Amino acid sequence: MSRKQKDILNQILIQIFLLLVTASVLFPILWIVSLALDPRNIDKPLELRLIPPGASFAAFHRVLLEPFKLLCSDPSDVTSCMTFGRLLGNSLLVALGTSVVAVLLGASAAYAFSRFRFIGREAGMVGFIALLMLPASATVGALYVLLSQIKLGAETLRTTLPGLMLAYASGTLPFAIWNLKGYFDTVPRELEEAAKIDGASATQTFFQIMLPLSLPALAVTVLFSFMSGWTEFALAWTLLEAPSRFTLAMALRSMQGQFSTPWSDFAAMSILMSLPIIIFFFLAQRYIVSGLTAGSVK
Amino acid sequence: MVANSKRQPVSAPKKGFGAFLQRVKESRTAWTYIAPAGILMFFITLIPQFYQIWMSFTDYRVKNLRFVIFNPATWEKYAPPFVGLDNFIKILTNSLSLENYNFWRLLLFNLVWTVVNVSFHVALGVAIALALNTPKLIGKKIYRALFVLPWAIPGYITALTWRNMYDDRFGAFNQLLALFNQWFGTHFATDTRWMTVAQPPIGGPLAFLPLAFYCILLANIWLGWPFMTVVATGALQSISADLYEAASMDGADGWRRLWYITLSLIRPAMVPAIMLGSIWTFNSFAPIYFISQGGPFGQTEILVTQAYKLVYNQRLYGVGAAFSLVVFFILLGITLIQNRVTRATEAYDV
């Protein structure tokens with residue numbers, strides 16, 4: 001066999017393999033898309049059809065425009081119910097807040113661990129890794145009591161979105177610090193040394209040299225912390241009280257009823273909630289690869 | 001992602017008191033950078049964790065939730081009784097009054113779950129990354145974009161989707177089998193209760209794994225390999241083509257090149273990813289909790305789903321706290337062993 005024939009055969013075999021992988025990746029996704037398009041809003045689809053009979057965007061229409069009747073401040077007043085727009089506002093606030101806090105505080109701490117040799121450094125690093133491994137299942141009670149102690153005017157920090165945001169940010173910080181420190185370690189020191197000779201302070205070097213050079217790792221940290229704020233619902237159910245503060249993830253969870261689920265609505269909302277994350281992934285894909293691996297590959 | 005502790009400070013170390021003063025000064029700057037994250041984590045993560053450790057030595061139940069440490073009026077009435085190591089003993093000797101509870105079976109299942117999952121994630125992840133790395137591959141960009149989807153979709157949405165695909169009457173799998181029967185005239189059963197069949201598909205030493213295990217395994221493999229592919233792709237892109245040419249000239253065939261160059265060079269990137277993946281899989285709450293809910297008869301329960309049920313269903317906060325600590329020590333042990341093994345082999349690297 002000539003070299004060229006070999007290449008073509010190789011290409012065909014790999015294409016078959018990758019097409020099989022693609023089919024398995026897409027199967028569950030297409031299934032949920034077909035549910036969302038099903039006009040009957042049945043619990044489960046009755047047959048395997050990608051495009052159900054009479055496919056329509058009615059479920060998307062309902063989710064986006066109709067009020068969520070289960071999430072109302074006053075059950076007798078429909079205008080007090082949450083809408084997709086208001087839930088989205090809360091979710092964006094919490095998720096963006098979480099990622100901003102996590103990336104700012106995380107980068108600052110990671111810089112110290114990467115660039116200074118100081119008293120308590122090893123203990124600090126070990127402490128952060130230990131926090132990654134400690135399951136938090138029973139800490140929710142303590143967090144509840146603790147956040148209830150901080151009063152903000154008439155209410156406590158526990159029932160507000162900033163309180164939730166701080167709780168999420170704190171949860172994502174160990175990974176953020178770990179990942180950013182790994183990346184900072186690979187940034188050559190010579191640049192900072194040069195800046196130092198030119199009279200730049202440590203803070204200036206951090207903001208003007210370190211951060212711009214670490215965009216991939218920063219992107220990964222933003223993405224992961226945004227995702228945790230965007231999808232978490234268990235802690236939010238425990239801490240928040242007023243339906244006007246509820247998030248999209250909580251609303252999606254509330255759709256999973258004990259006896260029945262408006263299945264098309266659930267599927268449509270799942271797709272709407274996944275879209276921003278998927279778009280973010282696509283935009284940052286190049287960064288994600290290097291942001292996650294640069295710490296270990298030269 | 002990995003700590004690079006080999007790098008030493010650039011400035012030459014001074015000696016004596018001057019060195020000590022400089023170290024104190026550097027420590028002060030360093031801790032100023034850490035302070036914002038440190039203070040937040042101290043209050044939101046660390047104090048509740050310490051509280052959890054204290055709870056694990058008490059018989060903390062629902063009524064003790066009224067106990068507020070800042071309010072002395074609640075101390076006498078609501079403080080939980082101290083029970084020493086009682087919770088831990090109950091957990092390890094299977095003396096909890098829970099249905100189908102057996103700690104050692106849970107631990108064994110959890111370990112099997114982790115090892116099988118991570119092996120599949122790594123093998124598939126690397127294989128797909130290698131396929132994607134083929135020069136002149138048609139459609140490379142499209143594949144790369146599609147293959148992050150399982151990772152990009154929020155975990156509990158995919159978990160709930162998979163659960164419904166395994167529905168016995170309306171799920172996609174039974175419908176797919178029905179379609180298959182129709183097309184090829186086969187006679188597969190189309191009413192399998194994927195999640196509740198008690199008869200294990202493989203007997204003998206694997207009889208403790210119900211059909212539900214293989215079903216969740218499939219779902220979790222689907223979820224897990226894209227992360228490994230992303231990491232492996234990053235590592236593959238950093239391998240210089242010169243190495244392969246040199247190896248070809250030395251007469252190394254395809255398999256040898258794969259083994260001696262590709263796999264050994266992506267190993268430094270894969271090791272921390274495998275460690276991270278092991279921790280994630282060991283504590284993979286969503287797939288188990290949402291797909292099989294631990295069934296049938298608690299056979300697919302893992303430690304974290306059991307801990308969650310202790311806290312949220314049973315309301316045994318003290319036992320739940322002790323359970324979290326037990327899980328922590330197991331994970332710590334696994335991580336230390338992994339670290340030891342990977343360090344030990346590192347010495348043989350070129």
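Residues numbered from 1 in each chain as written. Chains lettered and ligands numbered in written order. Predicted model: local features only at pLDDT ≥ 70, side-chain atom pairs only at ≥ 80, totals over all residues.

1. Details of the overall build of chain B
- Within chain B, the secondary structure is distributed over 14 helices and 0 strands.
- Starting at the N terminus and ending at the C terminus, chain B contains elements arranged as α-α-α-α-α-α-α-α-α-α-α-α-α-α.
- Over its C-alpha atoms chain B spans a radius of gyration of 26 Å, topping by over 25% the 20 Å that the globule rule assigns to 350 residues.
- Along the first, second and third principal axes, the C-alpha atoms of chain B reach 75 × 75 × 35 Å.
- Excluding contacts between residues fewer than 6 apart, the proportion of contacts in chain B whose partners are at least 24 apart in sequence is 64%. (Helix = DSSP H or I, 4+ residues; strand = E, 2+ residues; numbered from the N terminus. Rg over C-alpha atoms; globule rule 2.2 N^0.38 Å. Contact = placed C-beta atoms within 7 Å.)

2. A closer look at the overall build of chain A
- Assigned secondary structure in chain A consists of 12 helices and 4 strands.
- Compactness check: chain A gives a C-alpha radius of gyration of 24 Å against a globular reference of 19 Å for 298 residues, more than 25% above the reference.
- The dimensions of chain A, computed from C-alpha atoms along their principal axes, are 80 × 70 × 35 Å.
- Burial status across chain A gives 44% buried among its 298 residues.
- Considering only residue pairs separated by 6 or more positions, chain A has 72% of its internal contacts joining residues 24 or more positions apart. (Buried ≥ 20, exposed ≤ 12 C-beta atoms within 10 Å, placed from the backbone.)

3. Some thoughts on the domain arrangement of chain A
- Domain parsing of chain A yields domain 1 (3-56) and domain 2 (81-293).
- For domain 1 of chain A and domain 2 of chain A, the distance between their C-alpha centres works out to 33 Å. (Domains from an automatic or database assignment.)

4. With respect to the packing of helix α3 (residues 84-115) of chain A against helix α1 (residues 16-55) of chain B
- Taken N-terminus to C-terminus, the directions of α3 of chain A and α1 of chain B make an angle of 140°; their axes are 8 Å apart at the nearest point. When the interaxial angle is binned, α3 of chain A and α1 of chain B end up oblique. The element α3 of chain A and its partner α1 of chain B pack so that their crossing is left-handed. Together, Leu105, Gly106, Ser108, Ala109, Tyr111 and Ala112 of chain A of α3 of chain A and Ala30, Tyr33, Ile34, Pro36, Ala37, Gly38 and Leu40 of chain B of α1 of chain B make up the contact between the two elements.
- Taken together, the residues of the contact of α3 of chain A with α1 of chain B break down into 10 nonpolar, 3 polar and no charged. (Axes fitted to C-alpha atoms, helices over the stretch in contact; angles between N-to-C directions. Parallel < 35°, antiparallel > 145°, perpendicular 65-115°, else oblique. Left-handed = near helix turned anticlockwise from the far one by under 90°. Nonpolar A, V, L, I, M, F, W, Y, C, P; charged D, E, K, R; others polar.)

5. Some thoughts on the nonpolar core
- If you look at the biggest cluster of nonpolar residues, it comprises 155 residues, and the most contacted ones within it are Ala109, Ile177 and Ala267 of chain A together with Val231 and Ala232 of chain B.
- Top element by residues in this core is helix α9 (residues 211-237) of chain B. It accounts for 15 residues.
- Discounting residues that sit within four places of it in the chain, Ile177 of chain A has contacts with Gly106, Ala109, Ala110, Phe113 and Phe128 of chain A together with Ala37 of chain B. (Core = buried A, V, L, I, M, F, W, Y, C linked by C-beta atoms within 7 Å.)

6. With respect to the interface of chain B and chain A
- At the interface, 87 residues of chain B touch 78 residues of chain A.
- Of the residues contributing to the side of chain B that touches chain A, the split by class is 63 nonpolar, 20 polar and 4 charged.

7. Quick look at the confidence of the model for chain B
Residue and element names in this part refer to chain B.
- Predicted confidence across chain B gives a mean pLDDT of 83, with 93% of residues reaching 70 or more.
- Per-element confidence in chain B is highest for helix α4 (residues 103-132), whose mean pLDDT is 94, and lowest for helix α10 (residues 241-249), whose mean pLDDT is 78.
- Ignoring residues within four places in sequence, the model shows residues 1-11, a span with pLDDT below 50, making 20 contacts including any to other chains.
- Here the predicted complex carries an ipTM of 0.83, next to a pTM of 0.82. (pLDDT = per-residue confidence, 0-100.)

8. Things to note about the packing of helix α7 (residues 155-165) of chain B against helix α12 (residues 285-292) of chain B
Residues and elements named next belong to chain B.
- Taken N-terminus to C-terminus, the directions of α7 and α12 make an angle of 30°; their axes are 8 Å apart at the nearest point. Along this stretch, α7 crosses α12, giving a crossing that reads as right-handed. Where α7 abuts α12, its residues Gly155, Tyr156, Ala159, Leu160, Trp162 and Arg163 lie against Ala286, Pro287, Phe290 and Ile291.

9. Remarks on the environment of Ala189 of chain B
Residues and elements named next belong to chain B.
- With respect to the helices and strands, the residue Ala189 is situated in the loop between α8 (172-184) and α9.
- For Ala189, a count of 9 C-beta atoms within 10 Å translates into the label exposed.
- Distance in space between the C-alpha atoms of Ala189 and Ala273 is 40 Å, their sequence separation being 84 residues.

10. Observations concerning the environment of Ala194 of chain A
- Structurally, Ala194 of chain A can be placed in helix α7 (residues 190-197).
- Counting along the chain gives 11 residues from Ala194 of chain A to Thr205 of chain A, while the straight-line C-alpha distance between them is 9.9 Å.

11. Brief notes about α7 of chain B
- Across the 11 residues of α7 of chain B, 10 count as buried, placing the element largely inside the fold.
- Those residues of α7 of chain B lying buried are Tyr156, Ile157, Thr158, Ala159, Leu160, Thr161, Trp162, Arg163, Asn164 and Met165 of chain B.

12. Concerning unusual backbone geometry
Residues and elements named next belong to chain B.
- Phi at Asn94 takes a positive value of approximately 60°, unusual for a residue other than glycine.
- Along the chain, the position of Asn94 falls in the loop between α3 (86-92) and α4.
- Unusually for a residue other than glycine, Arg315 sits at a positive phi of about 60°.
- Along the polypeptide, Arg315 turns up in the loop between α13 (303-312) and α14 (317-346).
- Given 14 C-beta atoms within a 10 Å radius, Arg315 is considered partly exposed.

13. Quick word on the environment of Ile91 of chain B
Residue and element names in this part refer to chain B.
- Position of Ile91 relative to the elements: it lies in helix α3.
- With 22 C-beta atoms packed within 10 Å, Ile91 lands in the buried category.
- Remark: the alpha-carbon pair of Ile91 and Thr233, spanning 142 residues in sequence, is separated by 43 Å.
- Not counting residues within four places of it along the chain, the set of residues in contact with Ile91 comprises Leu96, Phe103, Val319, Ala322, Phe323 and Val326.

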